[in-house]
Amino acid sequence: MPHSQDKTDNSHVLEVITRRYSCRRYSPAPVEKTHIDAMAEAVRQAPSACNRQPYTFVFISDRALIKEIARAVPLGPASVNKWMETAPLIVAAVGRPELVWHRLTQVIDTDYHRTDAVIAMDHLSLVATEMGLGTCWVGWFHRKKIERILGVRNREEVVILMTVGYPDGEPSERKPRKEMEDLVVRR
């Protein structure tokens, strides 16, 4: 496939990236199976170290499970993540370190299963945004409680959670981003 120097080739992807925000208010409308299938395909197509895909993704729409997950916070009142209860869907990225090519991990000392799971989750969030869904990354949870709730096996770990659903209302004003020169160094 030839590469084009035309900058408009990237405009759609950049527009979706810019439109994505952390949604914390959801409509009760369920996420359609076709949308879930598209997000699952985005996860499947994501790159991973040595193409090992060392993860599984759990799509949770059961209301009782969502409520239990929302209350599994490590410190403070359960109300910290109470907003999660409004999400019609929570996706859990479960890392599987045994699937990582161990020579890479030993030489470079990197937890590829975590990095790869987060890359795949980002693909999911962008596809969700393109379909008009809101998402929010959730890292504030009690890992062992979530793993128990989901029945995660001993040699696996919940890496990150993401809420998904149709936003209830307009997004709040987008938080300002740092200036380009504060983030990017060109040499």
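Above this text is the structure in question.
Residues numbered from 1 in each chain as written. Predicted model: local features only at pLDDT ≥ 70, side-chain atom pairs only at ≥ 80, totals over all residues. Heavy atoms only, no water.

Across its full length, the chain holds seven helices and four strands. Traced from its N-terminal end to its C-terminal end, the chain shows the element sequence α-α-β-α-β-α-α-β-α-β-α. Taking all 187 residues of the chain together, 35% fall into the buried category. Considering only intrachain contacts with a sequence separation of at least 6, the fraction spanning at least 24 residues in the chain is 79%. As displayed, the chain has an accessible area near 11,900 Å², and 55% of this comes from carbon and sulfur atoms. (Helix = DSSP H or I, 4+ residues; strand = E, 2+ residues; numbered from the N terminus. Buried < 20%, exposed > 50% of the residue type's maximum accessible area, 1.4 Å probe, protein only. Contact = heavy atoms within 4.5 Å. Areas by Shrake-Rupley, 256 points an atom, 1.4 Å probe, with all protein chains shown as cover.)

On the surface, Arg24, Arg174, Lys175 and Arg177 cluster together into a patch of positive charge. A relative accessible area of 42% means that Arg24 is categorised as partly exposed. (Patch = residues over 30% accessible without salt bridge, like charges linked within 9 Å, V, L, I, M, F, W, Y side chains within 5 Å. Salt bridge = Lys/Arg side-chain N within 4 Å of Asp/Glu carboxyl O. Lys, Arg positive; Asp, Glu negative; His and termini not counted. Charge placed at Lys NZ, Arg CZ, Asp CG, Glu CD.)

A few words now on the pattern of salt bridges. Throughout the structure, instances matching the rule amount to nine salt bridges. Of the charged contacts, one joins Glu15 and Arg19 as a salt bridge, the two residues approaching to 2.7 Å between their closest N and O atoms. Of this pair, Glu15 and Arg19 both sit in helix H1 (residues 11-19), separated by four residues, roughly a single helical turn. What makes Arg19 partly exposed here is its relative accessible area of 37%.

Pairing between the strands of a sheet is mediated by backbone hydrogen bonds and can be parallel or antiparallel. If you trace the four strands from one edge of the open sheet to the other, you get E1-E2-E4-E3, paired in antiparallel fashion. The open sheet is flanked by strand E1 (55-60) and strand E3 (134-138), the only strands paired with a single partner. Ignoring which end each strand starts from, the neighbouring axes of this sheet average 20° apart. Here seven bridges tie strand E2 (residues 89-95) to strand E4 (residues 157-165), and the two strands are oriented antiparallel to one another. When the sheet's bridge partners are listed, Ala92 is paired in E4 with Leu161. The sheet contacts of helix H6 (residues 143-150) involve E1, E2 and E4, and relative to E4 the element is tilted by about 75°. (Pairing = 2+ DSSP bridges. Axes fitted to C-alpha atoms, helices over the stretch in contact; angles between N-to-C directions.)

Among the nine residues that make up E4, nine are buried, leaving the element largely enclosed by the rest of the structure. Bridge analysis of E3 against E4 gives five bridges, and the strand direction is antiparallel. Paired with Val138 across the two strands is Leu161, which belongs to E4.

Look at helix H2 (residues 33-45) against helix H5 (residues 112-130): their axes get within 8 Å of each other, and the N-to-C directions meet at 145°. Considering the relative orientation of H2 and H5, their crossing is right-handed. For the pair formed by H2 and H5, the contact residues are Ala38, Met39, Ala42 and Val43 on the first element and Ala120, His123, Leu124, Val127 and Ala128 on the second. Each residue belonging to the contact of H2 with H5 can be placed in one class, and the counts come to eight nonpolar, one polar and no charged. (Left-handed = near helix turned anticlockwise from the far one by under 90°. Nonpolar A, V, L, I, M, F, W, Y, C, P; charged D, E, K, R; others polar.)

In this section: the packing of H1 against H5. Think of two packed helices as two axes; the pair is described by the angle between the axes and how far apart they sit. Where H1 meets H5, the axes come as close as 9 Å, and the angle between the chain directions of the two elements is 95°. Judged on the interaxial angle alone, H5 and H1 are roughly perpendicular. Residue-level inspection shows His12, Val16, Ile17 and Arg19 of H1 in contact with H5, the latter providing Leu126, Thr129 and Glu130. Along the lines of polarity and charge, the residues of the contact of H1 with H5 split into three nonpolar, two polar and two charged. (Parallel < 35°, antiparallel > 145°, perpendicular 65-115°, else oblique.)

Looking now at the nonpolar core. Counting 21 residues, the largest nonpolar core has Ile69, Met84, Ile90, Ile146, Val158 and Leu161 as the members making the most contacts within it. When residues no more than four places from it in sequence are discounted, the contact partners of Ile90 are Val58, Phe59, Ile60, Ile66, Ile69, Met84, Leu161, Met162 and Thr163. Membership of the second largest hydrophobic core comes to 19 residues, among which are Ala46, Ala117, Ala120 and Ile160. (Core = buried A, V, L, I, M, F, W, Y, C linked by side-chain atoms within 4.5 Å.)

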